[in-house]
Every structure is written in C-alpha cells, then in structure tokens.
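If you want the building blocks of each chain, they are given just below.
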Amino acid sequence: MLNIHRIGPSKYSPTRSRIIVHEGVVTTVATASVKSQSLYEQAQDALTNIDLHLAEVGTDKSNVLMVMIYLSDISQKSEFNRAWDEWVDRENLPLRACIGAGLEEADLVELVVTAATEGN
Amino acid sequence: MLNIHRIGPSKYSPTRSRIIVHEGVVTTVATASVKSQSLYEQAQDALTNIDLHLAEVGTDKSNVLMVMIYLSDISQKSEFNRAWDEWVDRENLPLRACIGAGLEEADLVELVVTAATEGN
Amino acid sequence: MLNIHRIGPSKYSPTRSRIIVHEGVVTTVATASVKSQSLYEQAQDALTNIDLHLAEVGTDKSNVLMVMIYLSDISQKSEFNRAWDEWVDRENLPLRACIGAGLEEADLVELVVTAATEGN
C-alpha cells in the first residue's frame, strides 16, 4: 500500500478527487462556489474553499507552500491581489505565480494549492 | 549524489528529460503522438503516453496524484473529459485541474502528471 | 514546527515569498528583471534569476527537477528554447512543459521551477 490519501470526489465531477495527500504534502484545487460574483468576490470565495479543503486534512493556510493562480482575465490581477492580501498569512508567505488562462465559462479564477500537513 | 532519476531525453528535444523521479514522486509530461487527431483522440493518445511513461518507472495510473491539463480550446473540455472518464482508475481518483492555454501548433492537449512510485 | 523554509518577500510584492523549501524540494518563480528586452533576452534574464534563487538555498541547476514555462506568445517558443539550450545542464536535463498564457503587461516569460536541495 502506498501512502496516498485521496479525499473526494470533487463536487464538480465523480471522476476526480478534491484533495490528495502524499508524503506530507497536500494538493488541492478550488474555484468559487458562486459563479455570478465579481473576480474579487470569486477570489475570496475560492480562497475560503482552499481553507475548507486544508481544514479537512488538519492543516491550514500557515502551511501553504505554493499557490498557482489562473485568472480568466489577467488584466484584472489587482482585483485578485486585493483578496489575496486580505487572506494571506503574513507570518507565513506562500510562493505564488499568476497567469491568464482559459477557464470554465463562468469561472474567473481557479487555484491549485500545495501545503504541508501538520506533523510533517 | 542526490536521489534524482532522470529518464530521457524527450522525443521532442535532446535538452529535456521525459520523466523525473525524486523522493518517491514521478513527474512526467505528454502530448499526443499523432497530432492530426481530434481532441478526444489526442486525449486518449496523450493519456496512453502517460501510462507508458509511468510503466517505465514501475508505477501506473493507480498511483497518480495530480494531472494538470492544458487544452488549446477550453470550450472543448467535455471532449477531454470523455477520454478522461474512460481512462481514469475509479478506485484511485487523481486530483486534476484543466485550463485553456497556448500550445504548440498542432497540439490540442498537453498533460503534466505527478504520481507516487511503488514501494514509496 | 514544520520544516518549511520561506525566503522573501518577492521583490514584486510584500505578500508572497520568493523561494520555498520543504522536504528537500525548492520551489521558486522568476521573470526577467528588465522588461524592455526581447523574449530571448528576457528568457536569459529569468533563467539567471532562477540560478540566483537556487544559489540562495545552496543548490544549482544541476538539481533542477521541473521547469514550467509560461510565454505571453507561444509562437515565439523557439526564442525561449534558444536561451534554454544555452542555459541547461546537459548532464542533468530537467523535465519541462511550455504553454502560452496571459502574463503581466511587460512580461514575455515566467518560470516556475522545482529543484532538489543539496544533501537531500
């Protein structure tokens, strides 16, 4: 048996996981739950979903390693940054990269996050 | 000596590897071998290439952790999903994210996959 | 205490790290320092910044695992490849993937790199 912990499925599909834990690293993906919002609101919503996913495996944003940020419109990056600055743990700054990319119709932001598990 | 196992080069270039193994994690990249196909067929082809790459290092899709999916046309995501649903190991669902991105001219899909090695 | 080493902040923002080290893996992000350059020159510049980041944590390009390359214009990939071929350690070829993506206004290239730390 390998030491892979899979939590899911994703609420968006029965054929993918929502969270993967392997060798002390959690990886998870989130978008906003409510798609009719502005980018700023979707960013807050998606970051909250990240918090919820991390809590499911007993860790939190203080342990986030890297956040890969995909925006449907890179020219609105400052709106994402506003939500980021309110969310981020200033004592434990993650690495991040942010690019413009094609997303599902109503999604303005998608996040892929890695974090350390507690006790790692 | 570090514990990095590099397999390659890639068939697309002599200056990059095809597979990297480090600390129990395999990372590999694949596109379709035959570029004249539909997205659905390219997706099947690229996923088969992932299977081949994983087999080269003694692991398989049951150990896949995360699949990052790049499509040249995100509006065709359902065609990719059709190939995904046929390919995926339902007992061991990977995490995934899928975005629209600029790819090499004839590529409709590119995959970056991480998996656990056996015995990890 | 978790074994996470954060170096930063990024010169682009006080709310993100420049380098993260966790469990023997370094992850870092770089763009070109001088944005008025051609893609070939920005690629050289960004790769040099990667070298500097890796040196900060006592490792170097011989230990690079994966390079994720984002170009603002994928049709100019050959210009990036020219800088890559001059930079890469031919005895230790990294895995890489390269996609077209929306970047900050003047950026033509952005790199996300993982590498093993020495003594790992």
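Since the structure is predicted, the reported quantities are computational estimates derived from the model, not experimental observations. Every chain is numbered on its own, with residues counted from 1 as its sequence reads. In the order they appear in the text, chains get letters beginning with A and ligands get numbers beginning with 1. Local features are withheld for residues below a pLDDT of 70 in this predicted model, meaning they are given only at 70 or higher, and side-chain atom pairs are given and counted only at 80 or more; totals for whole chains, interfaces and linings count all residues. Excluding hydrogens and water, the side-chain figures rest on all heavy atoms present in the structure.

Note on definitions: a residue-residue contact is assigned when non-hydrogen atoms from the two residues lie within 4.5 Å. Taken together, the contacts link 30 residues of chain C with 25 residues of chain B. Across the chain C/chain B interface, buried area totals approximately 2,000 Å², and carbon plus sulfur atoms make up 59% of it. Salt bridge, as used here: a side-chain nitrogen of Lys or Arg that lies within 4 Å of a carboxyl oxygen of Asp or Glu. Counting across the chain C and chain B interface gives one salt bridge. Definition of a polar contact: a pair of N or O atoms within 3.5 Å, with one able to donate and the other able to accept a hydrogen when the atoms are protein atoms, and with sequence-neighbouring residues admitted only if both atoms are side-chain atoms. Remark: the boundary between chain C and chain B carries nine residue pairs in polar contact (both at pLDDT 80 or more). Mapped onto the side of chain C that touches chain B, the elements with two or more residues apiece are β4 (64–71), α2 (77–87) and β5 (95–100) of chain C. Secondary structure elements are taken from DSSP: a helix is a run of H or I of four residues or more, a strand is a run of E of two residues or more, and numbering for both begins at the N terminus. Here the element with the most residues in the side of chain C that touches chain B is β5(C); it accounts for six residues. Lys, Arg, Asp and Glu make up the charged group, whereas Ala, Val, Leu, Ile, Met, Phe, Trp, Tyr, Cys and Pro make up the nonpolar group; the residues left over, Gly among them, are polar. For the side of chain C that touches chain B, the per-class residue count stands at 16 nonpolar, nine polar and five charged. Two parts placed together each lose some accessible area under a 1.4 Å probe, and the buried area is that loss summed for both.

Planes of paired rings set the category: under 30 degrees apart is stacked, over 60 is edge-to-face and the rest tilted, where pairs are Phe, Tyr or Trp rings (Trp by its six-membered ring) whose centres lie within 6.5 Å. All chains considered together, the criterion is met by six aromatic pairs over all chains. Taken together, a centroid distance of 6.3 Å and an interplanar angle of 40° make the contact between C:F80 and C:W84 tilted. With C:F80 and C:W84 both in helix α2, this residue pair falls four residues apart, about one helical turn. Just as C:F80 is buried, C:W84 falls in that class too. Centroid distance C:W84 to C:W87: 5.6 Å. Interplanar angle 50°. Geometry classified as tilted. Here C:W84 pairs with C:W87, and both are found in helix α2, just three residues apart, close to one helical turn. By the burial criterion, C:W84 is buried, and C:W87 matches it. Three or more aromatic residues joined by ring pairs form one cluster here, namely A:F80, A:W84 and A:W87. Think of it in three bands: residues with accessible area under 20% of the maximum for their type are buried, residues over 50% are exposed, and the middle band is partly exposed, with areas taken using a 1.4 Å probe on protein chains only.

Moving on to the confidence of the model for chain A. pLDDT measures the predictor's confidence residue by residue and takes values from 0 up to 100. When pLDDT is averaged along chain A, the result is 95, and 97% of the positions lie at 70 or above. Reported confidences for the modelled complex are a pTM of 0.97 and an ipTM of 0.95.

Our focus in this paragraph is the sheet that holds strand β2 (residues 19–22) of chain C. Neighbouring strands of a sheet are bound in pairs by backbone hydrogen bonds; such pairs are parallel or else antiparallel. Residues and elements named next belong to chain C. Strand pairing requires that DSSP identify at least two bridges connecting the strands. Strand order across the open sheet formed by six strands is β1-β2-β3-β6-β4-β5, with mixed pairing between neighbours. Unpaired on one side and paired on the other, β1 (4–7) and β5 mark the two borders of the sheet. Here the average twist between neighbouring strands, direction ignored, is 10°. In terms of strand pairing, strand β3 (residues 25–31) meets strand β6 (residues 109–116) through seven bridges, oriented antiparallel. By the bridge assignment, A30 is partnered in β6 with L111. Orientation is described by axes fitted as lines to C-alpha atoms, over the contacting stretch for helices, and by angles from 0 to 180 degrees between their N-to-C directions. Strands β1, β2, β3, β4 and β6 of the sheet are contacted by helix α1 (residues 39–56), whose axis makes an angle of about 150° with β3.

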